[in-house]
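Single-letter residue listing:
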Amino acid sequence: MVDIINAVTLLTNYVLLPGMTYGSHLGLGALGITLVYGILRFSNFAHGDTMAFGTMMTILLTWGLQALGISIYPLPTAILVIPIGVVIASVVVLGFDKFVYAHFRQINAPSVMFVIASVGIMFVLQGLIRLIIGPENQSFADGARFIFTAREFKEYFGLSEGLSIKVSQLMSLGVTTILVASLFWFLYNTTTGKSLRAYSDNRDLAQLSGINPDRVVILTWVIATALATIAGVLYGLDKSFKPSVYFQLLLPIFAAAIVGGLGNPLGAFVGGFVVAFSEIAITYAYKRFLAYLLPEGMEPTTLVQLLGTEYKFAVSFLILVIVLLIKPSGIFAGKTA
Amino acid sequence: MRIFHDNRRFFCFGVMALLLLAVGFFQSWNLMFQIFNLCLISAVMALGVNIQWGYVGLFNVGVMGFAALGGLSAVIISVTPVQEAWLAGGTRIVSAGLITIIGAGLIAFVRYKLAGKITNYLTVVVGILTYFAARHFYIPGAGAVEAVNPALTGYLGGLGLPILFSWLVGGLVAGCAAWFIGKITLGLRADYLAIATLGISEILILIIKNEDWLARGVKNVIGLPRPVAYERDLQASNWFINLAEDFGADIITFSSLWVKVSYSLLFLGCLVVLLILFELALKSPWGRMMRAIRDNETSAHAMGKDIVARKLQVFVLGSIVIGIGGAMLTTLDGQFTPTSYQPMRFTFLIWVMVIVGGSGNNWGSILGGFFIWFVWIESEPVGLWLMELITSGLEEDSTLKEHLVRNAAHMRLLTMGVILLIVLKYFPRGLIPEGTK
């Protein structure tokens, strides 16, 4: 019996909790991608760098507060300045919209032109990020690190396996829950939210019904940027901030959005968890887990790892390919055209 | 103005030549040929992307992966085989490969020849069995190979053939990879092709970085055999010393210039051949069909054209060209460094070249390759100079100045983005638009 509890604790500590945390980051990112796709009708390649840009702004502000000696122990200082980070990032993104995307909307360009324009914006954002904060790894997490550590857990319950919960993990889950709940409430219960969904369903009909397209566009960008910035800050607090890693996050985020069905918010959020859990579950070594469960003398001699951790990113791609082959519209049917 | 319009191509290339000559006169001729060689390779890759994007409208953002496959081919073709490693684990790795191929064949058989619900279950079962069977041979095999003298070899080595041969093989390998990717994604929406190619290129790089038995992973393979003379041999031969004296040049500079020019001639030959082939293709009925598909897929389909098959064809063709470019690049470098494959440099930069040059026009892509590579290289010193100028008001030891100057090298990303956005908005047809002379 103790063995089973130990095995479950082990799996919770190394698969379930990290999976939930990472899943919430990917889910938030994928929500942004899917909103832009559903409403503005293109795959935004600059989303990963929008995440990085918003996070960078938050980091700079955090450093400012730290220099002033302001902190909200045990929570990280970054939480205080996220709203300002979101505002700055939104202003920049809206600037890009005004100078770049608006032009292509006006000439009714095919969606692939928007995608190429987003590549241009990706270049600009990466250039700005590297110019301002540099390409190096930055750590900006402060405050308490753990709610409780693995050792405290072990001593308290008398188990041989420990479970630790980091502040960043709990915060990721909490913030994501609040954010996603309010987003869905907004989309389904307010007039403005309904106008966004109406615009996404049928642009012409929505405009005929008196929905102001400019307002819809601005709102979409602000929501997507806010989600991206918050996801980026949470990810940075949980791991660390490195511009190139944020760019690479684009792949799992897109995988999540496609798995859930591009253009479908609920699908994107669920897709984030599907991708995160697959990544972690496939690259986790089950040796110790099995050692607890199997009878003595049958313990595995190898690591029992399906894929090395270095292939983490490959997993999201594999899921993507499987979904594309079996059900191209995603788990929750997304937009088809 | 009229003269300019009638001879746009001539003018654009003229300006480009002047820019390169300026580098030769003001910086150095060695630097100029260094840039020129990479311009030629960039032009080849841009040509490949242009075939996919400009002819048919395929959005391939996996250029990096195909270029890396070309580079990998250069290693596998040219390096001498490591006998010991083959004895240690060669058979096991080959058996693992054979098992994978048989498994994939079985899955294909199940999916295409059998019908009913059972196909899905059979696919899963065969897939899992293949995985474990292949893994059984692969893991110990790879370990044994990597254990053979890891500091120097630790990989299977290559075939020991002339490296020029790898340009052909690199193209073929990239083409095969493109066929598989295209089979999966071309029937779907355009966005999926973009994401899938982005993904596959990242994964190819991951595999090359981590599977040391293949090409030593991040330990790099250095000292690939050259298709041209070595500087040291040149400096030791009498005819060359005499030639250098005739030119009145320093022998060391002259020899490295000689090597660079020989590379240039090789690359130029390759580019010219490719350009002639694709210009002919563009003007043929095949080219007209491709443009018809790009401009109106539905009507082309109604005319009885097999859209998916044609797209697959052009996707493979373009990827072959990119693969050739990748092999050329590794040949020029003389080494294979997986960490140097960055998506910004190898995928998106090539895209900027095609868009800026003028999509749909082969001459435009070549000009774009030249011009953008030139800007990419020269924006670093210019950016540094600008930063020094901007920050000249600040004190010598101010941290802001130091920070800005240190990060000035990243100006090139910003420059590229701004160029791309300006061209997209104001000159969407590029420097040499489709159909101009």
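None of these values were measured; they are calculated from a predicted model.

### Examining the overall build of chain B
Phase 1 of the analysis: Counting its regular elements, chain B contains 19 helices and 0 strands.
Phase 2 of the analysis: For chain B, the C-alpha radius of gyration of 24 Å lies close to 22 Å, the compact-globule estimate for 437 residues.
Phase 3 of the analysis: C-alpha extents for chain B along the principal axes are approximately 70 × 60 × 55 Å.
Phase 4 of the analysis: Split into buried and exposed, the 437 residues of chain B put 52% on the buried side.
Phase 5 of the analysis: Long-range pairs, those at least 24 residues apart, make up 81% of the contacts in chain B between residues at least 6 apart in sequence.
Phase 6 of the analysis: Working note: accessible area of chain B is about 20300 Å², and carbon and sulfur atoms make up 69% of it.
Phase 7 of the analysis: Across chain B, the 30 positively charged side chains and the 25 negatively charged ones have centroids separated by 15 Å.

### A look at the packing of helix α2 (residues 8-27) of chain B against helix α3 (residues 29-56) of chain B
All names here are of chain B.
Phase 1 of the analysis: Put simply, α2 and α3 touch, their axes get as near as 7 Å, and they point 150° apart. As summarised for this structure, α2 and α3 are arranged roughly antiparallel, according to the angle between their axes. Listed contacts from α3 to L20, L21, V23, G24, F25 and Q27 of α2 are W29, L31, M32, I35 and F36.
Phase 2 of the analysis: Classifying every residue of the contact of α2 with α3 gives 9 nonpolar, 2 polar and no charged.

### Here we look at the interface of chain B and chain A
Phase 1 of the analysis: Residue-level contacts link 48 residues of chain B with 51 residues of chain A.
Phase 2 of the analysis: Taking both sides of the interface into account, the surface hidden between chain B and chain A amounts to around 4200 Å²; carbon and sulfur atoms contribute 76%.
Phase 3 of the analysis: Three residues, R189, I195 and K425 of chain B, lead the burial of chain B against chain A; their summed loss comes to 15% of the area buried on that side.
Phase 4 of the analysis: Applying the counting rule to chain B against chain A returns 0 salt bridges.
Phase 5 of the analysis: Taken together, the links from chain B to chain A amount to 6 residue pairs in polar contact (both at pLDDT 80 or more).
Phase 6 of the analysis: Of all the secondary structure elements, the ones that give two or more residues to the side of chain B that touches chain A are α6 (118-147), α7 (165-185), α8 (190-210), α16 (343-357), α18 (399-406) and α19 (411-426) of chain B.
Phase 7 of the analysis: In terms of residue count, α8 of chain B provides more of the side of chain B that touches chain A than any other element does, 13 residues in total.
Phase 8 of the analysis: For the side of chain B that touches chain A, the class distribution of residues is 34 nonpolar, 7 polar and 7 charged.

### Some remarks on the domain arrangement of chain B
Phase 1 of the analysis: Split into domains, chain B comes out as domain 1 (37-81 + 159-229 + 255-339), domain 2 (82-156) and domain 3 (342-437).
Phase 2 of the analysis: For domain 2 of chain B versus domain 3 of chain B, the separation of C-alpha centres amounts to 44 Å.

### Structural notes on empty space enclosed by the protein
Phase 1 of the analysis: Tallied over the full model, the rule gives 2 cavities of 30 Å³ or more.
Phase 2 of the analysis: Size it by volume and the largest cavity reaches roughly 80 Å³.
Phase 3 of the analysis: Along the walls of the largest cavity sit N44, A46, H47, T50, V93, F96, Y101, I121, W221, A224 and T225 of chain A, which together make up its complete lining.
Phase 4 of the analysis: Sorting the residues of the lining of the largest cavity by element identifies α2 (47-68), α3 (78-106) and α9 (213-238) of chain A as the ones contributing at least two each.
Phase 5 of the analysis: Looking at side-chain class alone, the lining of the largest cavity contains 7 nonpolar, 4 polar and no charged residues.
Phase 6 of the analysis: What the second largest cavity holds in volume is close to 60 Å³.
Phase 7 of the analysis: Those elements giving two or more residues to the lining of the second largest cavity turn out to be α4 (111-132) of chain A together with α8 of chain B.
Phase 8 of the analysis: Looking at the lining of the second largest cavity residue by residue, the class counts come to 6 nonpolar, 2 polar and 1 charged.

### Considering the pattern of salt bridges
Residue and element names in this part refer to chain A.
Phase 1 of the analysis: Across all of its chains, the model carries 12 salt bridges over all chains by this definition.
Phase 2 of the analysis: The salt bridge involving K239 is made with D238; its shortest N-O contact spans 3.5 Å.
Phase 3 of the analysis: Residue class for K239 comes out partly exposed when judged on its relative accessible area of 40%.
Phase 4 of the analysis: We classify D238 as buried; its relative accessible area is 12%.

### Observations concerning the layout of surface pockets
Phase 1 of the analysis: Space inside the second largest pocket adds up to approximately 1200 Å³.
Phase 2 of the analysis: Taken together, the elements giving at least two residues each to the lining of the second largest pocket come down to α4 of chain A together with α3, α8, α13 (285-295) and α15 (307-333) of chain B.
Phase 3 of the analysis: Of the residues that constitute the lining of the second largest pocket, the class distribution is 23 nonpolar, 7 polar and 9 charged.
Phase 4 of the analysis: A domain-level breakdown of the lining of the second largest pocket finds at least three residues from each of domain 1 (37-81 + 159-229 + 255-339) and domain 3 (342-437) of chain B.

### Looking at unusual backbone geometry
Phase 1 of the analysis: Of note, the amide linkage connecting Y73 of chain A to P74 of chain A takes the cis form, showing an omega dihedral of 5°.
Phase 2 of the analysis: One can find P74 of chain A in the loop between α2 and α3.
Phase 3 of the analysis: Located in the positive-phi region is R216 of chain B, a residue other than glycine, with phi close to 65°.
Phase 4 of the analysis: Tracing the chain through its elements places R216 of chain B in the loop between α9 (212-215) and α10 (231-236).
Phase 5 of the analysis: Accessibility expressed as a relative area gives 8% for R216 of chain B, which makes it buried.
Phase 6 of the analysis: A positive phi is found at N220 of chain B, a non-glycine position, where the angle reads about 65°.
Phase 7 of the analysis: With respect to the helices, strands and loops of the structure, N220 of chain B is situated in the loop between α9 and α10.
Phase 8 of the analysis: Judged by its relative accessible area of 18%, N220 of chain B is buried.

### Overview of the nonpolar core
Phase 1 of the analysis: Counting 234 residues, the largest nonpolar core has F45 of chain A together with F59, F348, W351 and F370 of chain B as the members making the most contacts within it.
Phase 2 of the analysis: A total of 18 residues in this core trace back to one element, the largest contributor, which is α3 of chain B.
Phase 3 of the analysis: Those residues in contact with F348 of chain B, other than ones at most four positions away along the chain, are F45, V119, M122, F123 and F247 of chain A together with V61, L198 and P343 of chain B.

### Observations concerning α9 of chain A
The periodicity of an α-helix, 3.6 residues per turn, causes residues three or four places apart in sequence to face the same way.
Residues and elements named next belong to chain A.
Phase 1 of the analysis: Taking 1.5 Å per residue, 26 residues should reach 38 Å; α9 reaches 37 Å between its end C-alpha atoms and fits that length.
Phase 2 of the analysis: α9 sits mainly inside the fold: 20 of its 26 residues count as buried.
Phase 3 of the analysis: Taking the backbone nitrogen of D214 as reference, a side-chain oxygen 3.1 Å away marks N212 as the first, capping residue of α9.

### Examining the state of the cysteines
All names here are of chain B.
Phase 1 of the analysis: Applying the stated criterion to the full structure yields 0 disulfides over all chains.
Phase 2 of the analysis: Cysteine C12 remains unbridged, with the sulfur of C39 as its closest cysteine sulfur at 15 Å.
Phase 3 of the analysis: Residue classification places C12 among the buried residues on the basis of a relative accessible area of 15%.

### A closer look at the packing of aromatic side chains
Phase 1 of the analysis: For the structure shown, the criterion picks out 44 aromatic pairs over all chains.
Phase 2 of the analysis: One aromatic cluster is present, built from ring pairs that chain together F45, F247 and F254 of chain A together with W53, F59, F348 and W351 of chain B.
Phase 3 of the analysis: Directly above the ring of F346 of chain B sits R345 of chain B, whose terminal nitrogen or CZ lies 4.2 Å from the centroid.
Phase 4 of the analysis: Sitting over the face of the ring of W376 of chain B, R412 of chain B holds its NZ or CZ atom 4.5 Å from the ring centroid.

### Considering the packing of α16 of chain B against α19 of chain B
Residue and element names in this part refer to chain B.
Phase 1 of the analysis: Orientation of α16 relative to α19, taken along the N-to-C sense of each, is 30°, at an axis distance of 10 Å. Judged by the twist between their axes, the crossing of α16 over α19 is left-handed. Here M344, L349, V352, I355 and V356 of α16 come into contact with α19, specifically with L413, M416, I419, L420, V423 and L424.
Phase 2 of the analysis: The residue inventory of the contact of α16 with α19, partitioned by class, reads 11 nonpolar, no polar and no charged.

Basis of the calculations
Residues numbered from 1 in each chain as written. Chains lettered and ligands numbered in written order. Predicted model: local features only at pLDDT ≥ 70, side-chain atom pairs only at ≥ 80, totals over all residues. Heavy atoms only, no water. Helix = DSSP H or I, 4+ residues; strand = E, 2+ residues; numbered from the N terminus. Rg over C-alpha atoms; globule rule 2.2 N^0.38 Å. Buried < 20%, exposed > 50% of the residue type's maximum accessible area, 1.4 Å probe, protein only. Contact = heavy atoms within 4.5 Å. Areas by Shrake-Rupley, 256 points an atom, 1.4 Å probe, with all protein chains shown as cover. Lys, Arg positive; Asp, Glu negative; His and termini not counted. Charge placed at Lys NZ, Arg CZ, Asp CG, Glu CD. Axes fitted to C-alpha atoms, helices over the stretch in contact; angles between N-to-C directions. Parallel < 35°, antiparallel > 145°, perpendicular 65-115°, else oblique. Nonpolar A, V, L, I, M, F, W, Y, C, P; charged D, E, K, R; others polar. Buried area = accessible area lost by both parts, 1.4 Å probe. Salt bridge = Lys/Arg side-chain N within 4 Å of Asp/Glu carboxyl O. Polar contact = N/O pair within 3.5 Å; in protein donor to acceptor, adjacent residues only side chain to side chain. Domains from an automatic or database assignment. 1 Å grid on protein atoms, 1.4 Å probe; cavity = no way out; pocket = protein on both sides within 12 Å on 5 of 7 lines; lining within 4 Å. Points joined across faces, edges and corners; volume = space filled by probe spheres on them. Core = buried A, V, L, I, M, F, W, Y, C linked by side-chain atoms within 4.5 Å. Expected span 1.5 Å × (residues − 1). Disulfide = S-S within 2.5 Å. Phe/Tyr/Trp six-rings, centres within 6.5 Å; stacked < 30°, edge-to-face > 60°. Lys NZ or Arg CZ within 6 Å of the ring centre and 35° of its normal. Left-handed = near helix turned anticlockwise from the far one by under 90°.

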